[in-house]
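Read off the chains here:
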Amino acid sequence: MNTQDNKDTAFFGQPRGLSTLFFTEMWERFSYYGMRAILLFYMYYAVSQGGLGFGKETALSIMSIYGSMVYLTSVIGRFISDRLLGSRQTVFIGGVLIMFGHIALALPFGKTALFVSILLIVLGTGLLKPNVSEMVGSLYGEQDNRRDAGFSIFVFGINLGALVAPPIVSWFGANISFHAGFSLAAIGMFFGLVQYYFGGRKYLSKDSLYPVDPIQPNEVKKFSLRIILGIIVAALVLLVMQLTGVLNIANFILILSIIAIATPIIYFIIMFSSRKVNSTERSRLWAYVLLFIAATIFWAIEEQGSAVLALFAANRTQLTYGWLHINPANFQMLNPLFIMLYTPIFAIMWTKMGSKQPSSAHKFTYGLIFTGVSYLFIALPGILFGTAGKVNPLWLVGSWAIVEIGELLISPIGLSVTTKLAPRAFASQMMSMWFLADAAGQAINAQIVRFYPGHEVAYFMWIGIVTIIFAIILFLLSPWISKKMEGIN
């Protein structure tokens, strides 16, 4: 329930509480994208260079499964918020875990610190990210027409944090040490927590202190048994792997990949088989399945920016021009930069087209085509000049410019259709499904990115071709998808 005053216009015409959430998410994204900009290099650089000395294939897989787990745990974060703690406490605990995760990386304790950091940041981001977005919506009443503008400002904060973090954190990482860079990420999250705590007490609704669907006493035993059973099963699997000598990083990542891919499949099975879902809703779910697969393919490519493209930036891109040296981590700025440049263009375009806009399925199709072309484009320098030398950085800039067009055609549209096609009984869970598309895409990445080193051209070409083939299939099935959406525009 919203308790905010519609006359509160203290933050660019928006409720003052938006400023609290804006800066919380800005600092969280600063810490996350700053850390992510240098993490790959930290993992595969030799110990003598301040790194951990992982093989490039292993480092790429860890980066991908890391991102997958961040989105997978968002399902847990929503549950804890909705049923146990309320969104305000859940977000704060998540921020604290994230801060300690960055502190762990800032300490020179090698691989142990890395894995402790990953665990803390995965859990913390899962608690924080989905619930901050939910709290933004709670600032507005049902008839408050400032809601869309408020979310636009909030998303700008996300991209602002992601934009400024890579050059700042990477400078510390390159000129002082990787640990100094990670400590800066921890400091950023600390600033976010401080302003969230004090601003939240003043400007956020007291409703956010309480769960919207508190767990009932008769449900506690059932959920406790499920958690205990899950822990026992996980422990037994790891024990068997250890005893049989197959417990290693690659196999552990494989298990996590299977879990991330299986989770949305299980969700779909539960919804399709539920008696609470009527025939019309089930029809809409079939339409969503194909769009979900398309989104998974998109995220699998887009999220390789911090892995495969980061490696391309470091090893295949000309970075020195006389006195000017480009830090390869700075290319991580391109994602939020192009999003910020393109968003107003797309907003104006959709507004002018009005009812003549392409269908959701067609937007997804065009988005996948741009996504596939971005990889065909980055394959060109290897085809034209070979893979032994360095290429102009504009190839990398061009690839990012193309794939972010795909993101604007898929990501906001996907969020919209997720809410529209959700069965009534699973409305809140369906938002978790959208995060699971990203989790599944990065889980697939964790298995395929290891083929990139030494196979640059083939890697980019085949992924680009397969993506475009699926886009064509989606285009051909678009009339069927529109029919299955049954009354949803």
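Above this text is the structure in question.
Residues numbered from 1 in each chain as written. Predicted model: local features only at pLDDT ≥ 70, side-chain atom pairs only at ≥ 80, totals over all residues. Heavy atoms only, no water.

**As for the overall build of the chain**
- For the chain, the count of helices and strands is 17 helices and 2 strands.
- The C-alpha radius of gyration of the chain comes to 22 Å, within 12% of the 23 Å expected for a compact globule of 489 residues.
- Across its three principal directions, the C-alpha atoms of the chain cover 60 × 55 × 50 Å.
- In the chain, 82% of the contacts between residues at least 6 apart in sequence involve partners at least 24 apart.
- Entry remark: accessible area of the chain is about 22100 Å², with carbon and sulfur atoms responsible for 70%. (Helix = DSSP H or I, 4+ residues; strand = E, 2+ residues; numbered from the N terminus. Rg over C-alpha atoms; globule rule 2.2 N^0.38 Å. Contact = heavy atoms within 4.5 Å. Areas by Shrake-Rupley, 256 points an atom, 1.4 Å probe, with all protein chains shown as cover.)

**A look at the nonpolar core**
- Residues L39 and F460 are the most contacted members of the largest nonpolar core, which totals 114 residues.
- Every residue in contact with F460, bar those within four places of it in the chain, is listed here: V308, L309, F312, Y375, L376, I378, A379 and Y452.
- With 20 residues, the next largest nonpolar core counts L21, F22, M99 and L193 among its residues. (Core = buried A, V, L, I, M, F, W, Y, C linked by side-chain atoms within 4.5 Å. Buried < 20%, exposed > 50% of the residue type's maximum accessible area, 1.4 Å probe, protein only.)

**Quick word on the packing of helix 9 (residues 249-273) against helix 10 (residues 279-302)**
- As a packed pair, helix 9 and helix 10 sit with axes 11 Å apart at the nearest point and diverge in direction by 165°. By the angle class used here, helix 9 and helix 10 are roughly antiparallel. The interaxial crossing formed by helix 9 with helix 10 has left-handed handedness. The segment helix 9 lies against helix 10, with P264, F268, M271 and F272 engaging R282, L285, W286, Y288, V289 and F292.
- The residue inventory of the contact of helix 9 with helix 10, partitioned by class, reads 9 nonpolar, no polar and 1 charged. (Axes fitted to C-alpha atoms, helices over the stretch in contact; angles between N-to-C directions. Parallel < 35°, antiparallel > 145°, perpendicular 65-115°, else oblique. Left-handed = near helix turned anticlockwise from the far one by under 90°. Nonpolar A, V, L, I, M, F, W, Y, C, P; charged D, E, K, R; others polar.)

**A closer look at a nonpolar patch on the surface**
- Where nonpolar side chains cluster on the molecular surface, the patch consists of F92, I93, I187, F190, F191, V194, Y197 and F198 and spans about 700 Å² of accessible area.
- Mapped onto the nonpolar patch, the elements with two or more residues apiece are helix 4 (87-106) and helix 7 (178-203).
- Examining the composition of the nonpolar patch, we find that 6 residues originate from one element, helix 7, more than from any other.
- Mapped onto the elements of the fold, F198 is located in helix 7. (Patch = residues over 30% accessible without salt bridge, like charges linked within 9 Å, V, L, I, M, F, W, Y side chains within 5 Å. Salt bridge = Lys/Arg side-chain N within 4 Å of Asp/Glu carboxyl O.)

**Focus on empty space enclosed by the protein**
- Under the criterion given, the structure shown has 2 cavities of 30 Å³ or more.
- Quantified by volume, the largest cavity comes out at close to 60 Å³.
- Considering the residues around the largest cavity, the lining is formed by Y33, R36, E302, E303, G305, S306, Q332, N335 and W400.
- Here the residues of the lining of the largest cavity sort into 2 nonpolar, 4 polar and 3 charged.
- Put simply, the second largest cavity is a space of about 40 Å³. (1 Å grid on protein atoms, 1.4 Å probe; cavity = no way out; pocket = protein on both sides within 12 Å on 5 of 7 lines; lining within 4 Å. Points joined across faces, edges and corners; volume = space filled by probe spheres on them.)

**Let's talk about the packing of helix 1 (residues 16-44) against helix 4**
- Interhelical geometry of helix 1 versus helix 4 gives an angle of 30° and a closest axis separation of 11 Å. Classified by the angle their axes make, helix 1 and helix 4 are roughly parallel. Classified by chirality, the crossing of helix 4 by helix 1 is left-handed. The segment helix 1 lies against helix 4, with E28, S31, Y32, M35, L39 and Y42 engaging I98, H102 and L105.
- For the contact of helix 1 with helix 4, a count of residues per class yields 6 nonpolar, 2 polar and 1 charged.

**Brief notes about helix 12 (residues 334-353)**
- Taking 1.5 Å as the rise per residue, helix 12 with 20 residues should run 28 Å; its terminal C-alpha atoms sit 28 Å apart, in good agreement.
- Where helix 12 bends most, at Y342, the angle is about 30°, and the proline P344 comes one to four residues later.
- Residues L334, N335, P336, F338, I339, Y342, F346 and W350 constitute the buried set of helix 12.
- Positive phi appears at G354, one or two residues downstream of helix 12, with a value of about 55°. (Expected span 1.5 Å × (residues − 1). Bend = angle between axes of the 7 residues up to and from the residue.)

**A few points about the packing of aromatic side chains**
- Under the criterion given, the structure shown has 31 aromatic pairs.
- Each ring, one from F41 and one from Y45, has its centre 6.1 Å from the other, and the planes form 50°; the classification is tilted.
- Since its relative accessible area comes to 4%, F41 is described here as buried.
- With a relative accessible area of 25%, Y45 lands in the partly exposed category.
- A ring pair is formed by Y44 and Y45, whose centres lie 5.4 Å apart and whose planes are at 75°; its orientation type is edge-to-face. (Phe/Tyr/Trp six-rings, centres within 6.5 Å; stacked < 30°, edge-to-face > 60°.)

**Things to note about the environment of N392**
- Tracing the backbone through its elements, the reader meets N392 in the loop between helix 13 (360-385) and helix 14 (394-420).
- In this structure, N392 is in contact with T317 and Y321, ignoring residues within four places of it in sequence.
- A polar contact of 2.8 Å, which involves the side chain of N392, links it to the backbone nitrogen of L394. (Polar contact = N/O pair within 3.5 Å; in protein donor to acceptor, adjacent residues only side chain to side chain.)

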